[in-house]
Amino acid sequence: MTERILVLGGDGYLGWPTAMHLSARGARVGVVDNMSKRAWEREMGVQPLIAIPSLAKRIAAWQEVCGRSIELFEGDLTDTDFVHATLGSFRPDTIVHYGEQPSAPYSMIDVHHAAFTQSNNVVGTLNVLFAMRDLLPDSHLVKLGTMGEYGTPDIDIEEGYLTVDHNGRRHTFLYPKTPGSMYHLSKVHDSHNMHFATRVWGLRATDLNQGVVYGIETEHTALDPRLATSFHYDEVFGTALNRFCVQAVAGEPITVYGRGGQTRGYLNIRDTLACVALAVDNPAERGEMRVFNQFTETFTVRELAERVRDAAAQLGIEATVVHAENPRFEAEEHYYNPRHSGLLELGLQPHLLSQELIDTMLQRIVQHRDRIRREALVMNVRWTPKPAAGAPVGS
Ligand code: USQ
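Numbering of residues starts from 1 in every chain and runs along the sequence as written. Whole-chain, interface and lining totals are the exception, using all residues; otherwise, since this is a predicted model, local features are given only for residues with pLDDT of at least 70 and side-chain atom pairs are given and counted only at 80 or more. Hydrogens and waters are ignored; side-chain quantities use all the structure's heavy atoms.

## Overview of the environment of Gln47
Moving on, step 1. Along the chain, Gln47 turns up in the loop between helix 2 (36-44) and helix 3 (55-66).
Moving on, step 2. Apart from the residues lying within four places of it in its own chain, the contact partners of Gln47 are His232, Tyr233, Arg371 and Arg373. Numbering of helices and strands runs from the N terminus, with a helix taken as a DSSP run of H or I at least four residues long and a strand as a DSSP run of E at least two residues long. We call two residues contacting when some pair of their heavy atoms lies within 4.5 Å.

## A few points about the pattern of salt bridges
Moving on, step 1. Within this document, salt bridges are pairs made up of a side-chain nitrogen of Lys or Arg and a carboxyl oxygen of Asp or Glu, the two lying within 4 Å of each other. Counted under the stated rule, the structure contains 23 salt bridges.
Moving on, step 2. We note a salt bridge from Arg170 to Asp165, for which the minimum N-O separation is 2.9 Å. Each member of the pair, Arg170 as well as Asp165, is classed as exposed.
Moving on, step 3. Arg374 serves as the salt-bridge partner of Glu252, at 3.1 Å between the closest nitrogen and oxygen. Note that Glu252 is positioned in the loop between helix 8 (240-250) and strand 10 (254-257) and Arg374 in the segment after helix 12 (355-366), a separation of 122 residues in sequence.
Moving on, step 4. Note on exposure labels: buried denotes an accessible area under 20% of the residue type's maximum, exposed denotes more than 50%, and partly exposed covers the range between, all computed with a 1.4 Å probe on protein chains only. On the basis of relative accessibility, which here comes to 47%, the residue Arg374 falls in the partly exposed class.

## Re the layout of surface pockets
Moving on, step 1. Lining residues are those with an atom within 4 Å of a point, where the points come from a 1 Å grid over the protein atoms alone and group into cavities, where a 1.4 Å probe fits but cannot get out, or pockets, open sets with protein on both sides within 12 Å along at least five of seven lines. Grid points are joined across faces, edges and corners, and a volume is the space filled by probe spheres set on the points. Taken as a whole, the second largest pocket encloses approximately 190 Å³ of empty space.
Moving on, step 2. Ranked by residue count, the leading element in the lining of the second largest pocket is helix 2, at three residues.
Moving on, step 3. Under this grouping Gly is polar, as are all residues other than the nonpolar Ala, Val, Leu, Ile, Met, Phe, Trp, Tyr, Cys and Pro and the charged Asp, Glu, Lys and Arg. Residues that form the lining of the second largest pocket fall into these classes: five nonpolar, three polar and six charged.

## Describing the side chain of Thr296
Moving on, step 1. Position of Thr296 among the secondary structure elements: in the loop between strand 12 (289-294) and strand 13 (297-300).
Moving on, step 2. Thr296 sits in the buried class, given a relative accessible area of 10%.
Moving on, step 3. Ignoring sequence-local partners within four residues, the contact set of Thr296 consists of Tyr266, Leu267, Asp271, His340, Leu348, Pro350 and Leu352.

Dropping the structure here:
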């Protein structure tokens, strides 16, 4: 029987290419989305670099280009009845869950955005877990978590769990989390809820603690302009390397926050698809929450900025790197040694960051440079409010 996979958040940067990738491999794919990312873009006054047709139009284009259908379920994951009805009718073997508010800066705007991010993400995931318990206890949840759940502790980061020897006894716990934003905290809460659901209800789950994803194109987005993915460069939804490439093309400074020693795990968008497919093909056991640290290499933001500047110079684009005041609260020089062997053991063959790869990104961005809106590059979302002028420190 054809494998059925439901992709939650199928309109997003990663959800849409994942849906196409899994569909091309022969699965029957359904996508769930409430188009909320498009509403948050309007709220913030930002747009993806490449204009994106509606999800229904992209699905029609996919059918036309590849002859395969994708089913659309439009609705909100925080609506318990909708989640129950969708899982009940599609009956997925695997649920790939990207359906969350994905931006750390968005979650740090104010209490409303923090509360929204946490309730949206945590309640949506709880609805999925309860619907799985009641309707599909043998299905497999592949959930996108984040490397940012761990933060930057001063010891090695293990793949999900830490074994502790204490007063002569030993126990294995979920690795302690020290996340750096209200968004990253929402993913920590999800991980604990998933762990509960696997321990107590015997569900199967894989938590993919993903690093920062970069890239603009996948095998399938490249087939037709209508299949492009939602690529952001603005301060709120854009991520480090993607932003740096757009800043270089726009002739704006590449903004390294603070000293620039912030080290993170990074991966190419094509490797995200490969990792998710490996997790789908190798399900967790009943009662297991398996954790993979999903990234292929680590960089400091300073290194990344310099790589982009140097690649741009080869293309005749003169870019400058500046050390901007850091709007975030984070360590700017720190120890960072996370393990990431699980997906490699399953057969992942990474696309590492190369000069050619940055060149390809820059050239693709150049084709759309007229759509770059400079005011979206710096939007001044701060982790801690700036004291009012003249106010004593600590007031
Ligand atoms: N940074 C700069 N300059 C910029 C933008 C970012 O120096 O112009 C720095 C940040 O301060 C941070 C690092 O680059 O130290 C990464 O920031 P980011 O905006 O690329 O990524 P982040 O906010 O951590 O979130 C992104 C995705 C999120 C995902 C996460 C993976 O938006 O959905 O979960 O990457 S991770 O970072 O591993 O937690």
